[in-house]
Every structure is written in C-alpha cells, then in structure tokens.
Amino acid sequence: MKSAELRRAFLEYFQENGHVILPSASLVPNDPTLLFTSAGMVQFKDIFWGKIPPRYPRVTTCQKCFRTTDLERVGTTPYHHTFFEMLGNFSFGDYFKEGAIQLAWRFLTGELSLPKERLWVSVYEEDEEAYAIWRDVVGLPSERIVRLGKDQNWWGPVGNSGPCGPDTEIYWDWGDPPCGPSCKPSCDCGRFSEVWNLVFMQYDAEPSGTLRELAKKNIDTGMGLERMSAVLQGVRSNFATDLFAPILEELQRLLGSPIPIPQSPTPEPHPPLVLADHIRAVVFLVADGVLPDSEESRGSVLRKVFMRMFRYAERLRIPGPELVRLVAPVVETLGGVYPEIVERRALVERVILAEAGVFRRRKEALDRLMAKLPPGTRVIPGEVAFTWYDTHGIPRDFIEAEAQEQGLSVDWEGFERELAAQRERSRQSVAYDTVGVTGEEAVAARATRFVGYTTLTAESPLELIVNVLGQSLPRLAGGEEGHLVFPETPFYAEAGGQIADTGWIENLSRPGRAEVLDVQKSPQGTLHKVRVLEGEFRPGDRCLLRVDEERRKAIQRAHTATHLLHAALRQVLGEHVIQAGSWVGPEELRFDFTHFAPLSPEELERVEKIAFGAVLRDIALVVEELPLEEAKKRGAIAHFEEEYRGKERVRVVQVPGVSMELCGGTHVSRTGEIGPLVILSEESVAAGTRRIRAVVGEKARRFLAEVRQERRKLATLLEAPEGEVLAKAEKVLGELSSLRRENDRLREELALLRAKELASRAEEVDGTKLLGAVVEGDPEAVKALADRLAELLGRSVIVLGTAYGGRGFLVAKVLGVESVSAGELVRAGAQVLGGSGGGRPTFAQGGGPKAENLPQAVAEALSRARATLRSS
C-alpha cells in the first residue's frame with residue numbers, strides 16, 4: 001500500500017466511525033510555550049487542558065510534525081526523522097480505552113489486513129483495564145501483551161501538573177528470530193517496530209504528585225505515517241518507502257551512483273539519508289513561514305538543520321546550491337496533501353540558495369581561523385572559541401561540528417566563563433537616561449496615563465521631580481535639566497520604534513517654562529526630560545503640557561507609512577516577511593524585516609507603488625481596543641507578540657483593506673495625510689534581516705525636488721532637454737568609452753615606439769644586450785616598459801630610472817643571464833640615490849630620496865653589469 005493510500009484509508013476509516021476530519025495545523029503552533037508542532041495533539045492542547053470546549057467530540061487528522069530531539073540520530077537509524085506525518089484520532093470526553101483499542105485493532109487487522117499474529121502490544125504495568133481489554137475483548141494472547149513501566153507506557157504531565165495517563169503501544173513483529181529468552185517490544189534488537197501509540201488521558205496531576213481522575217477523559221493517538229508505510233511496503237527502513245524514494249532517486253542522479261539504504265542502525269549518520277530527511281524539514285518549515293536566523297528562536301533551529309544538511313552534502317561532494325534539486329521530489333510527493341509547499345516552492349528554493357552562501361562563508365571564515373591555531377592543538381581554548389563566536393559571528397554549534405570534523409575538541413567550560421563575563425560587563429553597562437533604570441527593572445511602578453491619542457495639550461499637576469540619578473528634587477530652576485513626572489500626559493514616550501515627542505511645559509502655578517527634550521518610560525512613571533528656560537517648577541504645581549504639533553504630525557506620517565510598507569513587502573515578497581525592528585522619526589523611517597536576499601529594483605518599485613497606492617486612496621484608519629485573541633482571529637499582526645502577552649486588551653491599528661497590526665504608536669487619521677512616500681535605500685543589517693529607509697511628506701517632497709534640480713543641472717551640462725538626459729548621458733558615456741579605448745591604443749603604440757627607440761640604444765657585451773636609461777612615468781609604467789624592452793631585446797640586462805613623488809626609483813630586469821643579479825644591480829644604484837632596494841635575480845626595484853642622482857645611479861648599475869659580463 002502506498003503512503004497516500006494509507007493516509008486516505010486512515011482518515012476515511014475514522015470519518016466513517018463518527019470522526020470529523022480536520023486539516024493539519026501549521027508547524028508553527030499558536031502556543032508561546034512551544035517552538036514547533038511536534039505531535040498531533042498540539043492543536044488540541046487547550047481542549048485537553050480544559051481551557052476551551054471541543055467543537056466536535058471525535059476528530060481525526062494527519063498532522064505534519066517537526067522535532068529536533070533526535071537530530072543527531074537522523075541518518076543513523078531507519079526510522080528517526082526531523083519532519084514526519086502523524087496520523088491520529090482523538091476523543092474529547094467521548095469513547096475511552098475500549099473504544100480506542102477496538103477502533104485501532106479493527107483498522108489494522110480489517111482495513112489494512114495485517115496478520116493478527118504479527119501484532120504485539122505493550123501496556124502500563126498497573127493498567128489492568130487496558131490489559132483486560134486486549135486479552136478478553138480483542139482476544140490477543142497474553143504472551144503478546146507486555147507490561148512496561150512508567151518510563152515507557154505513560155504520558156505526561158507537561159511540567160509538574162496537568163493531564164496525564166497510561167498509554168498502550170502497538171508493535172509490528174518483523175518475524176526475526178528472538179534475540180534472547182526475554183525478546184519483546186521493549187528491546188532494541190530491531191525485531192519490533194512501534195506503529196501506534198494510544199494515550200489514555202485519565203488523570204489530572206497536581207503539583208504535589210497526586211493524581212485526580214478527570215471528569216471527562218480523553219483519547220490522543222498517534223501513528224507514524226512513515227513507519228506504517230514501511231510495514232505495509234515490506235521494507236525495514238522508512239527511507240526505502242515511496243515517501244523518500246523520489247528524493248533518493250534525485251540524489252542518485254546528483255551523485256552519479258546508486259545509494260544503498262542501510263536496513264539497521266549504523267554508528268555514523270549515512271549522509272544521503274540525512275539529506276533526504278532534512279530537505280523535507282526545510283521545505284515544510286520555510287513554507288510555514290520560518291526563516292533561518294542566528295537568534296534563539298525557530299529560525300536558529302532551522303539554520304542548524306540547514307548547516308547539518310550542507311555539511312553532509314559536502315561529505316558527498318555535492319555543492320550546497322545543488323540541493324535545490326531536491327525540492328521538486330518533495331513537492332511532487334506531498335504537494336497534493338499540503339498545497340502550501342506548492343505555493344511557496346520558489347521561496348524555499350531561494351532560501352536554500354541563500355543559506356548555502358551563509359554556510360560557505362562561515363566555513364571559509366572558520367577554516368581560516370582554525371588554520372591559525374598552533375601546530376599540535378587538540379583542544380580549542382574557550383577564550384579562542386568565544387572570540388570566534390563573539391567577534392566573527394560563528395555560532396557555537398557550527399564551531400563544535402567543524403572541530404569534530406577535524407578531530408578537535410573545544411573547552412566549552414572556558415567558553416561559558418567568557419560568555420558569563422561578557423554578560424556581566426553588558427549588565428553593568430546597561431544604563432538609561434530613564435534615571436538609571438536597567439532593562440530588567442523597567443516595569444512601571446507608577447503609571448502615567450497617556451492622553452496623546454486624542455489631544456496634544458493637557459493640564460496636569462506635577463507629581464515628581466527627579467535628577468539623572470533618580471533622586472527626588474524639591475525644585476527645578478532656570479537653566480537646569482531634570483525629569484518631570486505627571487499623572488497624565490499628551491507626550492508619547494519612546495516605544496515600538498517611534499521616537500519620543502518634544503514640546504513645552506508651562507507652569508500655571510508660578511512663573512516657569514521648560515522645553516521637553518525627551519520622554520521615556522520608567523518605574524517612576526513617564527519621565528519628561530526638560531530644560532527649564534525660565535522660572536522654576538515644584539511638585540504640586542499645575543502645569544500645561546503642550547506637544548510640538550508639527551513634529552508629532554510628521555512622526556505620525558512616517559509611522560503609518562511603516563504599516564503600509566510592511567503590508568506591501570508581504571504582498572510582493574511573501575508572508576514570511578515580518579517586522580524585525582523600526583525607527584520612526586519626523587517624516588523619515590527605517591524599517592527592518594525578515595528576508596533572505598536583496599530586493600531587486602523591480603521589487604522595490606512594486607513595494608513603493610503598492611504603499612503609495614494606499615496613500616492615494618486616502619483611506620480612513622480604524623483604531624480600536626480588542627481582546628488579544630479576538631485581534632489575532634481578525635488577522636492582526638503582532639510584531640513582537642511577547643510585548644502583548646498577558647494583556648487583556650490590545651490596540652489594533654487598521655488600514656482597511658491594506659493592513660491590520662497591534663500597535664501602541666500614534667498615526668494619521670487618513671492615509672492621504674502621509675503625502676509623498678519615497679524609498680531611499682534597501683540593505684542588509686544582519687543575516688536574514690533587511691532594512692528599508694524611506695521618507696514621507698515634506699521630506700519626500702524636498703528629496704524629489706533635489707532630484708529634479710540635479711536632473712536640470714545634468715540637462716544643462718549635457719546640453720539636452722530634461723526628458724532626454726538619460727539617453728544623452730548614455731551617448732556621452734559611450735563616446736567617452738570609445739575615446740578611452742582609442743587613447744589606450746595610441747598610448748600602446750607610443751610605448752612600443754618608445755621601447756623600440758630605447759632598444760636601439762642597447763650595447764652588446766659578450767652576446768648580451770645591455771641597456772640603461774632615465775625615463776618618464778610612474779613606477780608601474782616603468783616596470784611595464786622594462787618587460788616590453790626584455791621582449792624586444794631577448795637575452796638582456798635592463799636598468800631604468802624615473803623620478804616620482806620627489807624620489808628616485810630604479811628597476812632592473814635580467815633575462816637569460818645567470819651571472820648577473822638584478823637585486824645586486826638595484827642595491828648598487830640605490831646607494832647612489834641614498835636609499836636601498838632588492839629583489840629576485842631576474843627582477844628587482846628600489847630607490848632613494850636623491851632623485852637628481854638618477855643618471856649616476858643607472859650608470860653605476862650598468863657598470864656593475866658590464867664588469868660581471870666581461871669577467872664571466
């Protein structure tokens with residue numbers, strides 16, 4: 001039976017038995033506690049935990065899964081994988097042990113027609129109910145029912161509390177002779193293959209260890225599609241099934257030789273199997289929006305998989321970029337079930353090519369660094385490895401893998417000491433203008449209410465005055481700087497990439513006026529950094545706070561523009577684009593986003609056009625506060641979700657039909673207020689992160705005016721109409737290039753004539769041409785002239801001198817004369833110039849400060865050559 005037939009048979013069987021077929025969830029779970037979807041139950045976790053009621057009492061799925069717990073074992077066994085498919089059936093308070101066991105048994109022995117005598121089961125040693133069902137209801141002989149401990153037949157809880165319970169596992173017996181008298185499913189002899197795990201969620205574990213019976217018991221089962229396909233196709237290795245055959249066939253074409261598939265575990269990973277496994281993981285992770293990066297995140301896990309894949313490709317002498325060819329067989333095999341890998345195939349291929357470049361550059365850099373280790377090094381010192389990590393940006397696991405390749409080990413304890421020391425230095429240096437508060441402490445103890453969404457002025461009593469050390473002050477007088485705290489403010493404190501407002505504060509209780517220079521959040525409340533212009537301020541004074549309106553509007557134009565650019569980037573490049581940071585100032589912005597390659601000019605133009613199209617439509621923004629889950633259900637994008645976690649309500653900024661994002665910043669009312677929008681540049685800021693710089697509004701108008709002015713000046717210089725500047729410039733450059741080529745040709749002819757004229761002056765000494773002269777030109781031109789003269793003269797000794805940069809310069813060239821050394825000739829001549837020189841016997845150069853002595857220097861060198869030739 002083919003894998004596709006098994007997948008379909010499983011789902012249809014359970015559908016016929018009252019289950020609802022649900023689609024696979026993404027490999028990126030909607031769960032902050034998990035990096036990846038690693039089991040079929042993940043998408044139902046909140047149901048199992050009792051947080052939400054089930055929509056259906058019975059469901060069945062084929063869930064795509066990703067795990068790295070056994071990453072290093074992939075390629076050493078027939079059945080370990082990173083990416084795999086898990087067939088599962090689930091009951092939420094409906095059937096329990098007997099129902100689950102009977103459904104499984106009927107599917108295996110009825111639908112799949114597996115011989116009953118080849119099936120064994122294991123049960124938790126204290127689960128008498130499950131044992132009795134297998135023996136008495138199913139009729140399985142007791143000798144094929146194995147009791148195992150909690151380490152093998154018990155699931156959960158996750159952490160120290162929550163749902164848990166015993167499980168029962170079903171095994172296929174390959175029919176091998178027993179490995180011993182106690183040969184059973186728990187041994188590693190290879191005779192048995194686990195094909196299905198039925199988990200009975202029966203208890204709620206309390207932190208104390210007490211198990212409480214659940215009122216509604218649940219079933220979670222998992223059957224590995226790859227393992228069961230191997231059983232049905234009669235092969236001992238998952239890699240020999242039709243799920244991997246197309247990939248391995250393409251690998252064979254790449255290698256030009258057959259690929260043997262081990263049927264049992266091997267001590268070292270088998271490179272073709274590593275590639276066949278990892279390419280599936282890469283395709284599905286990228287298609288689900290995961291991009292490689294170097295941070296502690298999903299992206300770093302993906303990059304680790306990439307690096308391992310390229311390393312094993314290197315062992316097979318397959319260049320990294322060639323692995324793009326393995327994408328097609330994955331898509332052809334699984335694209336009908338998972339259309340996302342068809343839709344994002346081009347993206348996957350581009351990411352593979354980009355990561356192949358990352359691997360190559362890292363490996364070349366590390367090879368250069370390792371080549372500098374002292375001979376005989378067996379252990380790389382921790383401080384050296386840390387320098388490679390910290391200064392050169394080479395990840396720890398990359399260093400470890402390369403060290404192993406070269407038979408070296410790394411002092412990781414020393415590495416950790418260096419890392420801890422650096423963290424301590426960083427911790428001590430973290431200080432903010434927000435009155436000396438460190439990042440860990442910056443959780444507001446005193447809340448300042450922000451009213452600046454709806455007004456730019458507000459009256460408020462002055463609560464607190466503090467200096468830069470966080471100490472309270474009784475007053476702040478003219479010329480002094482400090483921080484003022486109010487219970488409410490219209491000033492936006494720097495956050496989310498948007499810079500702080502500036503403006504003025506007027507004292508209504510006594511004479512006093514201050515300029516607001518910066519606004520930051522702190523445990524003391526929102527701090528208004530001010531310089532008192534006149535008068536004074538005291539706690540309790542009634543004050544008028546007034547934001548610089550023009551500057552705020554300029555910032556708002558830029559902030560809303562970042563939302564439009566983000567939406568445009570996702571439309572042009574794909575949904576893998578996520579904001580990675582930003583800086584929003586008055587009518588200018590920097591926007592960092594996840595992407596793996598430079599944008600082409602055409603892509604940049606499309607992004608700008610789409611973003612500006614929203615400006616032209618003058619769309620009214622919709623801003624509302626919603627519960628976080630509702631906002632996400634509506635499709636709101638959260639750039640840094642951890643900032644919003646735990647909040648009951650979040651602020652959603654929507655440009656209807658264009659974008660919807662969680663955002664606490666300030667924005668225009670309508671997109672038309674943004675005005676012109678111009679992208680200035682696009683560049684890389686880190687691996688997998690790009691940056692766009694743009695201007696809007698008046699700054700964009702000024703930029704376009706400057707471009708127009710430059711075009712007018714070019715038109716004047718080129719004596720062409722403005723509309724024909726480019727064509728005229730291309731014509732002028734073409735003519736200039738032609739003139740340069742003609743000039744080079746004439747110079748070449750002149751140099752040849754010059755060389756011939758000089759060559760005609762050569763004297764002959766015992767069959768060797770001897771030539772010396774002082775010529776014009778820079779040192780490189782004189783060297784080229786010496787080469788040309790040697791070609792013309794054949795067996796010769798040539799000494800040339802030139803004055804350059806206020807110094808005398810000598811060149812000596814010897815062709816076909818072993819008795820004369822060019823180095824000795826230059827040293828003799830350079831002494832006359834007050835300097836030194838040297839080189840090889842056939843070519844040397846030197847010089848000195850006495851350029852006026854060049855004729856004598858050349859003569860001295862020739863004299864030495866002449867004497868040597870006559871005496872030899």
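To keep things clear, this report deals only with the structure shown in the data block.

Cut-offs used in this document
Residues numbered from 1 in each chain as written. Predicted model: local features only at pLDDT ≥ 70, side-chain atom pairs only at ≥ 80, totals over all residues. Heavy atoms only, no water. Helix = DSSP H or I, 4+ residues; strand = E, 2+ residues; numbered from the N terminus. Rg over C-alpha atoms; globule rule 2.2 N^0.38 Å. Buried < 20%, exposed > 50% of the residue type's maximum accessible area, 1.4 Å probe, protein only. Contact = heavy atoms within 4.5 Å. Core = buried A, V, L, I, M, F, W, Y, C linked by side-chain atoms within 4.5 Å. Patch = residues over 30% accessible without salt bridge, like charges linked within 9 Å, V, L, I, M, F, W, Y side chains within 5 Å. Areas by Shrake-Rupley, 256 points an atom, 1.4 Å probe, with all protein chains shown as cover. Salt bridge = Lys/Arg side-chain N within 4 Å of Asp/Glu carboxyl O. Phe/Tyr/Trp six-rings, centres within 6.5 Å; stacked < 30°, edge-to-face > 60°. Lys NZ or Arg CZ within 6 Å of the ring centre and 35° of its normal. Pairing = 2+ DSSP bridges. Axes fitted to C-alpha atoms, helices over the stretch in contact; angles between N-to-C directions. Parallel < 35°, antiparallel > 145°, perpendicular 65-115°, else oblique. Left-handed = near helix turned anticlockwise from the far one by under 90°. Nonpolar A, V, L, I, M, F, W, Y, C, P; charged D, E, K, R; others polar. Polar contact = N/O pair within 3.5 Å; in protein donor to acceptor, adjacent residues only side chain to side chain. Disulfide = S-S within 2.5 Å.

## Section: the overall build of the chain
Phase 1: If you tally the helices and strands in the chain, you get 22 helices and 34 strands.
Phase 2: Here the C-alpha atoms of the chain give a radius of gyration of 38 Å, more than 25% beyond the 29 Å that 2.2 N^0.38 yields for 872 residues.
Phase 3: Taken along its principal axes, the extent of the C-alpha atoms in the chain is 115 × 95 × 60 Å.
Phase 4: Counting all 872 residues of the chain, 49% fall into the buried class.
Phase 5: In the chain, once contacts between residues fewer than 6 apart in sequence are set aside, the share between residues at least 24 apart is 68%.

## What to know about the nonpolar core
Phase 1: Core analysis: the largest hydrophobic core is formed by 113 residues, its most contacted members being Phe107, Leu108, Trp134, Trp196 and Met228.
Phase 2: Top contributing element to this core by residue count: helix H7 (residues 271–287), with 12 residues.
Phase 3: Residues within four places of Trp134 in sequence aside, it is in contact with Ile101, Trp105, Val121, Val123, Gly139, Leu140, Ile145, Thr168 and Ile170.
Phase 4: Formed by 33 residues, the second largest nonpolar core is a distinct cluster that contains Leu589, Leu599, Leu604 and Val615.

## As for a nonpolar patch on the surface
Phase 1: A cluster of nonpolar side chains, Leu680, Phe703, Leu704 and Val707, forms an exposed patch at the surface whose accessible area comes to about 280 Å².
Phase 2: With 3 residues, helix H18 (residues 697–718) is the single largest residue contributor to the nonpolar patch.
Phase 3: Mapped onto the fold, Leu680 is located in strand E27 (residues 677–686).

## Overview of the packing of aromatic side chains
Phase 1: Applying the stated rule across the entire model yields 33 aromatic pairs.
Phase 2: A ring pair is formed by Tyr13 and Phe107, whose centres lie 5.1 Å apart and whose planes are at 50°; its orientation type is tilted. Of the two residues, Tyr13 is situated in helix H1 (residues 3–16) and Phe107 in helix H3 (residues 97–111); the sequence distance between them amounts to 94 residues.
Phase 3: Their ring planes at 85° and their centres at 4.9 Å tell us that Phe450 and Tyr453 sit as a pair that is edge-to-face.
Phase 4: A relative accessible area of 39% means that Tyr453 is categorised as partly exposed.
Phase 5: Over the ring of Phe398 we find Arg311; its NZ or CZ atom is 4.8 Å from the centre of that ring.

## A word on the sheet that holds strand E24 (residues 622–627)
Phase 1: With antiparallel pairing, 3 strands are arranged side by side in an open sheet as E24-E25-E26. Among the strands making up the open sheet, the edge pair consists of E24 and strand E26 (659–662). Strand-to-strand twist in this sheet, taken as the mean axis angle between neighbours without regard to direction, amounts to 25°.
Phase 2: As judged from the 6 bridges shared by E24 and strand E25 (residues 649–655), these two strands associate in the antiparallel manner. Residue pairing across strands places Val623 opposite Val653, the latter belonging to E25.

## Some remarks on the packing of helix H6 (residues 245–255) against helix H9 (residues 327–334)
Phase 1: Between H6 and H9, the least distance of the axes is 8 Å, while the angle of their chain directions is 160°. The pairing of H6 with H9 is recorded here as roughly antiparallel in orientation. Of the two elements, H6 crosses H9, and the hand of that crossing is right-handed. Contacts between H6 and H9 involve Pro246, Ile247 and Glu250 from the first element and Pro329, Val330 and Thr333 from the second.
Phase 2: In terms of residue class, the contact of H6 with H9 is made up of 4 nonpolar, 1 polar and 1 charged.

## Side note on the environment of Pro292
Phase 1: Along the polypeptide, Pro292 turns up in the loop between H7 and helix H8 (298–315).
Phase 2: Between the alpha carbons of Pro292 and Leu419 there is a distance of 23 Å; along the sequence they are 127 residues apart.
Phase 3: Every residue in contact with Pro292, bar those within four places of it in the chain, is listed here: Gly299, Leu302, Arg303, Phe306, Val351, Glu355 and Gly688.

## Topic: the pattern of salt bridges
Phase 1: Under the definition given, this model contains 57 salt bridges.
Phase 2: One salt bridge in this structure joins Glu402 and Lys363, with 3.3 Å as the shortest N-O distance. Of this pair, Glu402 sits in helix H13 (residues 396–405) while Lys363 sits in helix H11 (residues 345–371), and the two are 39 residues apart along the sequence.
Phase 3: Look at Glu402 and you get buried, because its relative accessible area is 3%.
Phase 4: With relative accessibility at 13%, the residue Lys363 sits in the buried group.
Phase 5: A salt bridge links Glu416 to Arg396; the nearest nitrogen and oxygen atoms lie 2.4 Å apart. Taken together, the residues Glu416 in helix H14 (residues 412–429) and Arg396 in helix H13 connect sequence positions 20 residues apart.
Phase 6: For Glu416, a relative accessible area of 34% puts it in the partly exposed group.
Phase 7: Looking at Arg396, the relative accessible area reads 32%, which means it is partly exposed.
Phase 8: The structure contains a network of salt bridges with shared partners spanning Arg311, Glu314, Lys363, Asp367 and Glu402.

## Thoughts on unusual backbone geometry
Trans peptide bonds make up the majority, and among non-glycine residues the majority have a negative phi.
Phase 1: Pro157 follows Gly156 through a cis peptide bond whose omega is 0°.
Phase 2: Structurally, Pro157 is set in the loop between strand E6 (154–155) and strand E7 (162–173).
Phase 3: One non-glycine residue with positive phi stands out, namely Ser113, at about 55°.
Phase 4: In this fold, Ser113 is placed in the loop between H3 and strand E4 (119–124).
Phase 5: According to the relative accessible area criterion, Ser113 is exposed, its value standing at 54%.

## Points about the pairing of strand E22 (residues 579–585)
Phase 1: The pairing of E22 with strand E23 (residues 588–594) spans 6 bridges and is antiparallel. What sits directly across from Gln579, in E23, is Phe593.
Phase 2: If you look at the hairpin formed by E22 and E23, you'll find 2 residues sitting between the two strands, and Glu587 has a positive phi there, around 60°.

## Comments concerning the side chain of Thr448
Phase 1: Relative to the helices and strands, Thr448 resides in the loop between H14 and strand E12 (449–450).
Phase 2: Classification of Thr448 as buried rests on a relative accessible area of 15%.
Phase 3: Engagement of the side chain of Thr448 in a polar contact is seen with the backbone nitrogen of Thr526, the distance being 2.9 Å.
Phase 4: Setting aside its immediate chain neighbours within four residues, Thr448 contacts Val485, Phe486, Pro487, Glu488, Thr489, Gly525 and Thr526.

## Focus: the state of the cysteines
Phase 1: The tally for this structure, following the rule as stated, stands at 0 disulfides.
Phase 2: Not engaged in a disulfide, the cysteine Cys183 finds its nearest cysteine sulfur in Cys179; these two sulfurs lie 3.6 Å apart.
Phase 3: We classify Cys183 as buried; its relative accessible area is 9%.

## Points about the sheet that holds strand E31 (residues 796–804)
Phase 1: Strand order in the open sheet formed by 6 strands is E29-E30-E31-E32-E34-E33, with mixed pairing between adjacent strands. A single partner strand is all that each edge strand has here, and the edge strands are strand E29 (763–765) and strand E33 (836–839). Recorded for the sheet is a direction-independent mean angle of 20° between the axes of neighbouring strands.
Phase 2: Sheet topology note: the E33/strand E34 (residues 843–848) ladder contains 4 bridges and is antiparallel. From the neighbouring strand, Gly837 faces E34, where its bridge partner is Gly846.
Phase 3: The strands touched by helix H22 (residues 854–871) are E29, strand E30 (768–774), E31 and strand E32 (807–815); relative to E30, the strand with the most contacts, the crossing angle is about 170°.

Everything listed here is a matter of coordinates, which is why it stays silent on function.
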